[in-house]
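Below, each chain spelled out in residue letters.
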Amino acid sequence: MSIDEKIKKLEEIASKLEDNNITFEESVKLYESAATLAKELYSEITLAKGKVTQIKQDLEKFKEIDMEI
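Residues numbered from 1 in each chain as written. Predicted model: local features only at pLDDT ≥ 70, side-chain atom pairs only at ≥ 80, totals over all residues. Heavy atoms only, no water.

Asker: Help me understand the pattern of salt bridges in this model?
Answerer: For side chains of opposite charge, pairing can occur when their charged atoms come near one another. Throughout the structure, instances matching the rule amount to two salt bridges. The shortest N-O distance in the salt bridge between K6 and E40 comes to 3.1 Å. Taken together, the residues K6 in helix α1 (residues 3–18) and E40 in helix α2 (residues 24–68) connect sequence positions 34 residues apart. Taking the relative accessible area as the measure of exposure, K6 reaches 7% and is therefore buried. Owing to a relative accessible area of 31%, E40 belongs among the partly exposed residues under this scheme. E44 is the partner of K6 in a salt bridge, and the nearest nitrogen-oxygen pair spans 2.3 Å. (Salt bridge = Lys/Arg side-chain N within 4 Å of Asp/Glu carboxyl O. Helix = DSSP H or I, 4+ residues; strand = E, 2+ residues; numbered from the N terminus. Buried < 20%, exposed > 50% of the residue type's maximum accessible area, 1.4 Å probe, protein only.)

Below, the structure is given as structure tokens:
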């Protein structure tokens, strides 16, 4: 599941949790699913942030080398 799909799923879960027509057991299962998705998203976003930071650092090095020439 992509990041966008996970975010959409979290939004769907939030809507269901706000609905007063679900049982306590259903709300606990939804909450568990949301927590799992949130953990996965946090990991994926942290990884992506690290990649972007590395790319930025590489570009800065390239700029420094280019200016020396």
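Now, onward.
Asker: I would appreciate a short explanation of the environment of E26 in the present structure.
Answerer: Inspection of the secondary structure assignment puts E26 in helix α2. Sequence separation between E26 and S43 is 17 residues; the distance between their C-alpha atoms is 26 Å.

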